[in-house]
Amino acid sequence: MMTQAFYTGISGLQTSSSGINIISDNLANINTVGYRGNSYEFSSLYEDALSTTSSYASDTIGIGATLQATPMTQSTGSYILTDRSTDLAIFGDGWFGVQGEGDPLYTRDGAFTFDSNDDLVTTDGYHVLGTMGGNIDGGVLTSQLAEVPLADVGAQEKLRFPKTLTYPAEPTTTAQFIGNVGTISEVRTMSASVVDPNGTKNELKLQYTLIDPQTPPGTQWNVTATTQDINDDTIIYDTQTGVVTFDESGALISSTLTTIDNNGAPVAIDLGTGFDGVVAISNIDITASSLANGTIGGELYGYDINKNGEVIATFTNGMQSSVGKIAVYHFQNDQGLNRISGTKFAASSNSGTARFYQDTNGQNIVGTDITNYKLEGSNADMTYGLTELIILQRSYDANSKSITTADEMMKKALDMDA
């Protein structure tokens, strides 16, 4: 029994020491972004059955305990506000994918930045994985995307977003006019901003003049359309004329004004039909408004990332487009991930392979919310950790004393034998 006491005390020292190391490591990473701590599970060592008739005695006896497992703590750390749009945090389940020279690793640390090659990387140089939109060519946005579909797990790539990006100008093709010219013989004016092939914003002006004499019923108007420089009305690009006819109720019947040249680009003039567009009614206010397509060119203002992981490029002309999507990976068993470093993990046979969530249509989705200007802090709890250290330290002391006591008992037994 004295020998067993030695074994029990020694195993107690080992398990207590292991627990102290685990808790100490957690506390040392209390300020580490994205850190997932570990807990510990102890089990009895070499437990044997006892033959006893006493109802008060245990029917088993062991010779100590051992560290059975060190499971990852799954709680989410607190969120920290930052001043960088590339700092990301995951709300809920999931892992960012990063890659160095080897296989992809997975982390909750979203402290990302752009390196000298315009790659999105971690602070220690790992590339962030995701799906590129494929709509950037030579620093020019080739198409405007509301969303980038998330590719399959094996097709994820290193994300690269240029520091300079141009939104190309889109010439105006249609200008729509809405308003009321009334029935009184006064010159009415409507105008719209139109973009030419050079990306310059010009003015399309319409002037309505009541025809004299009129041919009842209804009213007829001469319309002169002019495209001109928006800042210098002496620069005229084109002038077209036509006749607009309204019925006795003020609804538009016909218009011979169709298109006009805007410094090299034809613009269709849409005055509507019936009461949908321009009207001529005497008993309501005189109004004028317009709507034209086309966009002036713009330069990159910055990138933002929405809750779906879309990387959104915003331009100085007010336009936006998705250019990529951050991948968020999921595992069947997060506890089975192998810790490679403080915040980076690798897949294992216990965790299963990385996978993406899918919607009802079978399309890959992020499956959780992402936010920028925030980071997830460590999930280690200092209060819990300090409490556990006290308990483990007392356990260590108790096991140490049990060894000392067993040693003294063995000495007395040897002295008695002498």
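A quick note: this is a predicted structure, and the numbers were derived from the prediction, not measured.

A.B. asks: How would you sum up the packing of aromatic side chains? Please name residues and give values.
C.D. replies: Inspection of the entire model under this criterion finds 10 aromatic pairs. Centroid distance Phe 114 to Phe 161: 6.4 Å. Interplanar angle 85 degrees. Geometry classified as edge-to-face. Of this pair, Phe 114 sits in strand S9 (residues 112-114) while Phe 161 sits in the loop between strand S14 (157-158) and strand S15 (166-167), and the two are 47 residues apart along the sequence. Taking the relative accessible area as the measure of exposure, Phe 114 reaches 27% and is therefore partly exposed. Ring centres 5.3 Å apart and planes at 70 degrees place the aromatic pair Tyr 167 and Phe 315 in the edge-to-face group. In this pair, Tyr 167 sits in strand S15 while Phe 315 sits in strand S28 (residues 310-315), placing the two residues 148 residues apart along the sequence. For Tyr 167, a relative accessible area of 2% corresponds to the buried category. Judged by relative accessible area, which is 2%, Phe 315 ranks as buried. Residue placement shows Arg 36 over the ring face of Trp 95; its charged tip is 5.6 Å from the ring centre.

A.B. asks: Now, about the side chain of Asn 180: what can you tell me, with residues and values included?
C.D. replies: Following the sequence through the fold, Asn 180 ends up in strand S16 (residues 174-180). By relative accessible area, Asn 180 is classed as buried at 1%. Looking at Asn 180, its side chain comes within polar contact range of the main-chain oxygen of Asp 285, at 3.1 Å. Once residues lying within four places of it in the same chain are set aside, the contact partners of Asn 180 are Met 190, Val 279, Ala 280, Ile 281, Ile 284, Asp 285, Ile 286 and Thr 287.

A.B. asks: How would you sum up empty space enclosed by the protein? Please name residues and give values.
C.D. replies: Using the criterion set out here, one finds one cavity of 30 Å³ or more in the structure. Estimated volume of the largest cavity: approximately 40 Å³. Lining the largest cavity are Ser 85, Thr 86, Phe 114, Leu 120, Phe 161, Tyr 303, Ile 305 and Val 311. Split by residue class, the lining of the largest cavity holds six nonpolar, two polar and no charged.

A.B. asks: Give a description of the side chain of Asp 87 that names residues and reports values.
C.D. replies: With respect to the helices and strands, Asp 87 occurs in the loop between strand S5 (79-81) and strand S6 (88-91). The class of Asp 87 is buried, set by a relative accessible area of 3%. For Asp 87, the side chain forms a polar contact with the side chain of Arg 84, separated by 2.9 Å. In contact with Asp 87, other than residues within four places in its own chain, are Thr 82, Gly 110, Ala 111, Phe 112, Thr 371, Asn 372, Tyr 373, Lys 374 and Leu 375.

A.B. asks: Would you mind going over the pairing of strand S11 (residues 127-132) in detail, with residue names and values included?
C.D. replies: Taken across its six residues, S11 has five buried, putting it largely inside the fold. Across two bridges, S11 lies against S14 in antiparallel orientation. The residue of S14 that forms the bridge with Gly 130 is Glu 157. Sheet analysis places S11 next to strand S29 (residues 320-326), joined by three bridges and oriented antiparallel. Opposite Thr 131, over in S29, you have Lys 325 as the bridge partner.

A.B. asks: Before we move on, could you go through the nonpolar core and cite the residues and values that matter?
C.D. replies: In this structure, Tyr 303 and Ile 326 are the most contacted members of the largest nonpolar core, which totals 25 residues. Looking at this core, the elements with two or more residues in it are S6, strand S7 (95-99), strand S27 (298-305), S28 and S29. Look past the residues within four positions of Ile 326 in its chain and what remains in contact with it is Leu 88, Phe 96, Leu 120, Val 128, Leu 129, Leu 159, Ile 305, Gly 309, Val 311 and Val 366. Formed by 23 residues, the second largest nonpolar core is a distinct cluster that contains Leu 204, Leu 206, Ala 225 and Val 278.

A.B. asks: Residues and numbers for the sheet that holds strand S18 (residues 201-210), please.
C.D. replies: Pairing in this open sheet of five strands is antiparallel, and the strands run S17-S18-S19-S20-S21 from one edge to the other. Taken across any chain shown, the strands that pair with only one partner, and hence form the sheet edges, are strand S17 (188-195) and strand S21 (252-255). In this sheet, adjacent strand axes meet at a mean angle of 25 degrees when their direction is disregarded.

A.B. asks: Describe the layout of surface pockets, and please don't skip the residues or the numbers.
C.D. replies: If a probe as big as a water molecule is rolled over the atoms, it shows which places are left empty. Each pocket or cavity is described by its volume, and for the largest pocket that value is around 150 Å³. As for the largest pocket, its lining consists of 13 residues, and the residues nearest its centre are Asn 26, Thr 73, Ala 380, Asp 381 and Tyr 384. Element by element, the count of residues in the lining of the largest pocket is highest for helix H1 (residues 2-28), at three residues.

A.B. asks: Please give an account of the environment of Leu 129 that cites residues and values.
C.D. replies: With respect to the helices and strands, Leu 129 occurs in strand S11. Relative accessible area serves as the criterion here: at 3%, Leu 129 is assigned to the buried category. C-alpha separation for the pair Leu 129 and Ala 327, spaced 198 residues apart in sequence, amounts to 6.2 Å. Beyond its immediate chain neighbours, meaning those up to four positions away, Leu 129 contacts Gly 97, Val 98, Gln 99, Pro 104, Gln 156, Glu 157, Lys 158, Leu 159, Ile 326, Ala 327 and Tyr 329.

Rules used in this analysis
Residues numbered from 1 in each chain as written. Predicted model: local features only at pLDDT ≥ 70, side-chain atom pairs only at ≥ 80, totals over all residues. Heavy atoms only, no water. Phe/Tyr/Trp six-rings, centres within 6.5 Å; stacked < 30°, edge-to-face > 60°. Helix = DSSP H or I, 4+ residues; strand = E, 2+ residues; numbered from the N terminus. Buried < 20%, exposed > 50% of the residue type's maximum accessible area, 1.4 Å probe, protein only. Lys NZ or Arg CZ within 6 Å of the ring centre and 35° of its normal. Polar contact = N/O pair within 3.5 Å; in protein donor to acceptor, adjacent residues only side chain to side chain. Contact = heavy atoms within 4.5 Å. 1 Å grid on protein atoms, 1.4 Å probe; cavity = no way out; pocket = protein on both sides within 12 Å on 5 of 7 lines; lining within 4 Å. Points joined across faces, edges and corners; volume = space filled by probe spheres on them. Nonpolar A, V, L, I, M, F, W, Y, C, P; charged D, E, K, R; others polar. Pairing = 2+ DSSP bridges. Core = buried A, V, L, I, M, F, W, Y, C linked by side-chain atoms within 4.5 Å. Axes fitted to C-alpha atoms, helices over the stretch in contact; angles between N-to-C directions.

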